[in-house]
Amino acid sequence: MSITIHGMGTIRTHRPLWLAHEMGLEFAHNAIGPRTGETMEPEFLALNPRHKVPVLQHGDVILTESTAIMTYMVETFPVPDHIYVPGDALARARHQEWCFFVMSELDANGIYTIRRHKYLKHIYGDAPVAVESAREYFSHQIECMAGPLGEMAPFLFGEKLSVADILLTSCLALAPEYEIPLPQNMTDYCGMMQARQAYKDASAQNNG
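To start, this report covers the structure provided alongside it.

What counts, and where the lines are drawn
- Residues numbered from 1 in each chain as written.
- Predicted model: local features only at pLDDT ≥ 70, side-chain atom pairs only at ≥ 80, totals over all residues.
- Heavy atoms only, no water.
- Pairing = 2+ DSSP bridges.
- Helix = DSSP H or I, 4+ residues; strand = E, 2+ residues; numbered from the N terminus.
- Axes fitted to C-alpha atoms, helices over the stretch in contact; angles between N-to-C directions.
- Contact = heavy atoms within 4.5 Å.
- Buried < 20%, exposed > 50% of the residue type's maximum accessible area, 1.4 Å probe, protein only.
- Polar contact = N/O pair within 3.5 Å; in protein donor to acceptor, adjacent residues only side chain to side chain.
- Salt bridge = Lys/Arg side-chain N within 4 Å of Asp/Glu carboxyl O.

## A word on the sheet that holds strand β1 (residues 3–6)
A sheet is described by the order of its strands in space; here four strands give the open sequence β2-β1-β3-β4, paired in mixed fashion. Two strands bound the open sheet, and with one partner strand each, they are β2 (28–30) and β4 (61–64). Across the sheet, the mean angle from the axis of one strand to that of its neighbour is 15°, orientation sign disregarded. Summarising the sheet, β1 and β2 pair through three bridges and their orientation is parallel. Residue pairing across strands places H6 opposite N30, the latter belonging to β2. Running over the sheet, helix α3 (residues 66–76) touches β3 (55–58) and β4 and is turned about 135° from β4.

Next comes the structure, spelled out in structure tokens:
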């Protein structure tokens, strides 16, 4: 069955593209961006009524939400030796712990709040207090996790790249642009991840 990844232009669409390149998957890319009007077309709304990207289409399977998409990818398609896939209940819980932390504490409460009320304030309204509060919250959460990251180096789960690593990197990569300082080990970790060829290939696709 063919694989299509719909979406471009955001960190959330970059994630499954990056993983697809890491896994060496053959896939079609529908470079459809958010807020372009394309996601409101009937054909796309049939895939995702919430008119959001990314969307994964694999035969009759349609999935939204970047974390769900990437989890499906590593559990469905052949996985290279350098990709981590948790093998038991505790390992899955440890992995999900990192995924949920990134998605709720860093992405939703931090990055997306700043994006909405600074970079998209013409849509969602200007809220400088909320933006500064989100920066401080992001910084606090990162500082709390800088120690555990150092203990697990080079990746969150030792020698293998995980879905959680991709999620974390996607948020850390925006920190300089969003005026959020990072601990040195987080900066080094992010730089190592961004130097990966699969990251660069996905970025080229995601940026159009």
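## Topic: helix α7 (residues 163–172)
Counting buried positions over the 10 residues of α7 gives 10, a clear majority of the element. If you follow the buried residues of α7, they end up packed against α1 (11–23), α3, α4 (89–119), α6 (128–152), α8 (184–194) and α9 (197–206). For α7, the capping residue at the N-terminal end is S162, with a side-chain oxygen 3.3 Å from the backbone nitrogen of A164.

## Considering the pairing of β3
Pairing analysis gives four bridges linking β1 to β3, with the strands arranged antiparallel. Residue pairing across strands places I5 opposite L56, the latter belonging to β3. Between β3 and the antiparallel strand that follows it, β4, lie two residues; G59 among them carries a positive phi value of about 60°.

## Focus on the pattern of salt bridges
If you walk through the whole model with that rule in mind, you get eight salt bridges. When the shortest N-O distance is used, the salt bridge between D107 and R12 registers 2.5 Å. One end of the pair, D107, is in helix α4; the other, R12, is in helix α1, with 95 residues separating them in the sequence. Note that E179 is salt-bridged to R135, the shortest N-O span being 3.6 Å. Within this pair, whereas E179 is found in the loop between α7 and α8, its partner R135 is found in helix α6, the two being separated by 44 residues in sequence. Taking the relative accessible area as the measure of exposure, E179 reaches 52% and is therefore exposed. Taken together, the salt bridges that share partners define one network made up of K118, E132, R135 and E179.

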